[in-house]
Amino acid sequence: MKNLRTLDFDGLIVGGGGAGLRAGLQLAESGYKTAVLSKVFPTRSHTVSAQGGITCAIASEDPDDDWRWHMYDTVKGSDYIGDQDAIEYMCSVGPQVVYELEHMGLPFSRTETGRIYQRPFGGQSKDFGRGGQASRTCAAEDRTGHALLHTLFQANLKADTTFLNEWFAVDLVRNQDGVIVGVIAIEVETGELVFVRSKVTLLATGGAGRIYDSTTNALTNTGDGVAMALRTGVPVQDIEMWQFHPTGIHGMGILVTEGSRGEGGYLINCDGERFMERYAPTAKDLASRDVVSRSMVIEIDEGRGCGPNKDHVYLKLDHLGTEVLNSRLGGIMELCKTYALVDPAVEPIPVVPTCHYMMGGIATQVSGQALSQDEQSDDVPVPGLYAVGEVACVSVHGANRLGGNSLLDLVVFGRAAGLHIQDVLGQGISQRDASASDLEAALARVARWEESQKGENPAELKAELQALMGSSFSVFRTEQKMQDAISKLEDLRSRIEAAHLTDKSEVFNTARVEALELDNLLEVAEATAIAAEGRRESRGAHARVDFEERDDENWLFHSLYFAEDRSLRKRAVNFAPSTVEPFEPVKREY
Amino acid sequence: MQVSIYRFIPDSDSEPRMQDYEYDLPDDRDLMVLEVLENLKAQDPSIGYRRSCREGVCGSDGMNINGQNGLACKTPVSEAVSRDRLVLRPLPGLPVIRDLIVDMSQFYRQYERVEPFLTNDNPRPAQERLQSQEDREKLDGLYECILCACCTTSCPSFWWNPDKFLGPAALLQSYRFLADSRDTATEERLSKLDDPFSVFRCRGVMNCVNACPKDLNPTRAINEIRTLLIKNGT
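Predicted, not measured: the structure shown is a model, and the values here were computed from it. (Residues numbered from 1 in each chain as written. Chains lettered and ligands numbered in written order. Predicted model: local features only at pLDDT ≥ 70, side-chain atom pairs only at ≥ 80, totals over all residues. Heavy atoms only, no water.)

Looking at the overall build of chain A
Piece 1. Scanning chain A from terminus to terminus reveals 16 helices and 22 strands.
Piece 2. Its C-alpha atoms give chain A principal-axis dimensions of about 70 × 50 × 50 Å.
Piece 3. Split into buried and exposed, the 590 residues of chain A put 68% on the buried side.
Piece 4. Put simply, of all contacts in chain A between residues at least 6 apart along the chain, 73% involve residues at least 24 apart.
Piece 5. Accessible area for chain A stands at about 18,800 Å²; split by element, carbon and sulfur atoms hold 48% of it.
Piece 6. Counting 57 positive and 86 negative side-chain charges, chain A places the centres of these two groups 1 Å from one another. (Helix = DSSP H or I, 4+ residues; strand = E, 2+ residues; numbered from the N terminus. Buried < 20%, exposed > 50% of the residue type's maximum accessible area, 1.4 Å probe, protein only. Contact = heavy atoms within 4.5 Å. Areas by Shrake-Rupley, 256 points an atom, 1.4 Å probe, with all protein chains shown as cover. Lys, Arg positive; Asp, Glu negative; His and termini not counted. Charge placed at Lys NZ, Arg CZ, Asp CG, Glu CD.)

Here you go:
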């Protein structure tokens, strides 16, 4: 412990994707000593894979567009458990934040008048659902995430942000007053353990799609921030809500953007039928993602799937013509040719619903301040801890995220957290330093793996966990399967805690990182399982065969999962936007 | 198939070695090189390499595959293998940290040297800056770079002068901002490039074009910069 190197910052951001970089930029420009710590070089973060765009009412394609319509769509999309104060903030501030990205240099596609190009996306409407399909998703071809991530990284280079690249955060450090005072991290290149001490710690570690065997997520999306929070006694909210994207390439999990349907593509079953017309007569293939994914699974289950095993459906794009495909969907053309060996200009793409996005996460205020709950079920802040982006649940996505809203979430709330932390730092912060035992608690996991002498192979345990989650917590969920999975997860926990790290080397030991990531996957999987079993209704992405209806009387609430006693509580949803009337829950139809 | 992997773990190895693994390929489908590596790593966790998106957009897993630089996640085994042998080495020309992991610092420094961010001194409008579709098209083939370093580490001029010659990836990004109608720093950018090494050490070998996994053309961008520099000098 004596030899533990310590670094000091005013603001520490864990994660170098879109949310972390936007927050880092805000803080670095304010002059506070800011570090962005990332387990990969920032441009390798999963934001880079976002394709279709960033949804925002900038009124380029439609001069009458209104952020309130975007808000309406988002609330409806969330199946009414999105917090309306947060959604109001995101949709109203959005245009300014998108213009800032453009000013930083983001190479948006353009309209004929030179404005930012916007395309139709799922769940979008004009005039509060009354005016037909809207075109509200701002795009840089179908490489918007790449363009956004690189632009933000470049802006941080300009602002001279300090980067701790290829550092892996192991755990949060909490002092005796319950204040988060930084993290224990491994500098992966040297293997050195470092206490990165900071007045505030912002988690921007992204999602955890790798708890599933079939996912569009990067191999690095292992829920590190969620798991760190849970281990420190911080609850997570709505973690049962996992989005399955309708169009993952069958067998590969690789994403085909919803923008492909926005540009006019549609899904067909083995009879060549455009089946979404039956499930969503108005929005058809641009119904929201939970609706489309469920419809696809029903088609497959009822024997109308495609291919020799009838286990997927087709996404048809060839009628769009090569010019549209190449100019608007060039990235998709490349991905399909490389990974599905299919040329979308000629033949349809085999697709299946694939795990894509974690709606749940650390409950926060609009400022990014992380929240817990006291015994009276009142919100209480977790001092020193903030969260933004996919790891957070602010909550703008509720039970189902709309396409194009994740990139907006990253930059709007990354910026908001940066602004807020700047204020907090300005008021002055004094906190007790971490004691030796506080640090030891955060080092325990590393020590456990270092001391392991025998046991199972972490890679095999990971595969087992992913298969279990895929079979028990995907598009449709049943009580029996969930119960079985919960007990299997208990068994997996004891086996993972006894697993063996064979490689104990110091220099760039990726086996150690993956072992620590496995711990994190397990935390997220268990939280998902218990929360999913506990929510006895169907809402948004959470569809239960035994409770088919939405139950507003008992479940118009956030779930809040606490790991220390594996308990599930409820938290009120915000229905109090400040400038518009709240949108009351009604039956959701597309 | 035999997979031969460059191994060097500084903790225990005094010098690099090649380690051979036997690998049974499936009959029914092709694999990407990264899938082979992931399966081997599940058996031998000590094999070190970077990877993240596994779909060719994050640029983590650039390596030398049977003598060609490329992304492991985007290179089909069937295209790479020769005589039933897959040979994986780190990207050439950069110091090896461990196994297939190279120290990218020099590569990133050259990227930063071109000031890869938009500079525009005019007041910011309330909305976006307008850009015509024709002007926006000039950025196609430039902005898509994923910084994988496959091009730069295949370039003999970079091998010889890694500190003075910017290398194809950095120059592609340099031109991405020179070509942007919204950028007002053209003169400053060009003056910083105007020396015998930064740009002019490019000898037109065009290894970069062959190596780029995104089908971009750094040589063309370098020629555009040369033209601008020559115009600017007269």
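Moving on, there is more to tell.
Let's talk about the state of the cysteines
Piece 1. Applying the stated criterion across every chain, the model contains zero disulfides over all chains.
Piece 2. Here Cys306(A) is not disulfide-linked; the sulfur of Cys270(A) is the nearest cysteine sulfur, at 5.8 Å.
Piece 3. Given a relative accessible area of 3%, Cys306(A) falls into the buried group.
Piece 4. The structure places no disulfide on Cys150(B), whose sulfur is separated from the nearest cysteine sulfur, that of Cys148(B), by 3.6 Å. (Disulfide = S-S within 2.5 Å.)

Observations regarding the pattern of salt bridges
Piece 1. This structure, assessed with the given rule, holds 74 salt bridges over all chains.
Piece 2. In this structure, Arg535(A) engages Glu537(A) in a salt bridge whose closest nitrogen and oxygen atoms are separated by 2.7 Å. As far as burial versus exposure is concerned, Arg535(A) and Glu537(A) are alike and both buried.
Piece 3. A salt bridge links Arg136(B) to Asp140(B), with the shortest nitrogen-to-oxygen separation between them at 2.8 Å.
Piece 4. Judged by relative accessible area, Arg136(B) falls into the buried class, the value being 5%.
Piece 5. For Asp140(B), a relative accessible area of 35% gives the class partly exposed.
Piece 6. Among the charged side chains, a network of salt bridges with common partners joins Asp79(A), Asp238(A), Glu240(A), Asp290(A), Arg294(A), Arg535(A), Glu537(A), Arg539(A), Arg550(A), Asp552(A) and Arg588(A). (Salt bridge = Lys/Arg side-chain N within 4 Å of Asp/Glu carboxyl O.)

Some points on the interface of chain B and chain A
Piece 1. With 63 residues of chain B in contact, the opposing surface of chain A contributes 61 residues.
Piece 2. For the pair chain B and chain A, the summed buried surface comes to about 5,100 Å²; carbon and sulfur atoms form 50% of the total.
Piece 3. Of all residues in chain B, the largest losses of buried area upon contact with chain A belong to Arg54(B), Glu55(B) and Glu128(B), amounting jointly to 14% of the total for that side.
Piece 4. On the surface where chain B and chain A come into contact, there are eight salt bridges.
Piece 5. Applying the counting rule to chain B against chain A returns 39 residue pairs in polar contact (both at pLDDT 80 or more).
Piece 6. Taken together, the elements giving at least two residues each to the side of chain B that touches chain A come down to α1 (33-43), β6 (96-98), α3 (105-113), α4 (133-137) and α6 (168-178) of chain B.
Piece 7. A per-element tally of the side of chain B that touches chain A places α1(B) first, with four residues.
Piece 8. Its residues assigned to classes, the side of chain B that touches chain A shows 31 nonpolar, 12 polar and 20 charged. (Buried area = accessible area lost by both parts, 1.4 Å probe. Polar contact = N/O pair within 3.5 Å; in protein donor to acceptor, adjacent residues only side chain to side chain. Nonpolar A, V, L, I, M, F, W, Y, C, P; charged D, E, K, R; others polar.)

A few points about the side chain of Arg110(A)
Piece 1. Mapping Arg110(A) onto the fold places it in the loop between α3 (84-104) and β4 (118-125).
Piece 2. From its side chain, Arg110(A) meets the backbone oxygen of Arg129(B) in a polar contact 2.7 Å long.
Piece 3. Residues in contact with Arg110(A), not counting those within four places in the same chain, are Glu102(A), Arg115(A), Ile116(A), Tyr117(A), Glu128(B), Arg129(B), Leu130(B), Gln131(B), Ser132(B), Gln133(B), Arg136(B) and Arg182(B).

Structural notes on the domain arrangement of chain B
Quite often, the size of an interface is put as the accessible area lost when its parts meet.
All names here are of chain B.
Piece 1. Domain parsing of chain B yields domain 1 (2-102) and domain 2 (105-233).
Piece 2. The C-alpha centroid of domain 2 is placed 29 Å from the C-alpha centroid of domain 1.
Piece 3. Counting every contact that joins domain 1 to domain 2 gives zero salt bridges.
Piece 4. At the junction of domain 1 and domain 2, the tally comes to four residue pairs in polar contact (both at pLDDT 80 or more).
Piece 5. The biggest single contributor to the side of domain 1 that touches domain 2 is strand β4 (residues 68-71), with three residues.
Piece 6. Considered class by class, the residues forming the side of domain 1 that touches domain 2 number six nonpolar, six polar and one charged. (Domains from an automatic or database assignment.)

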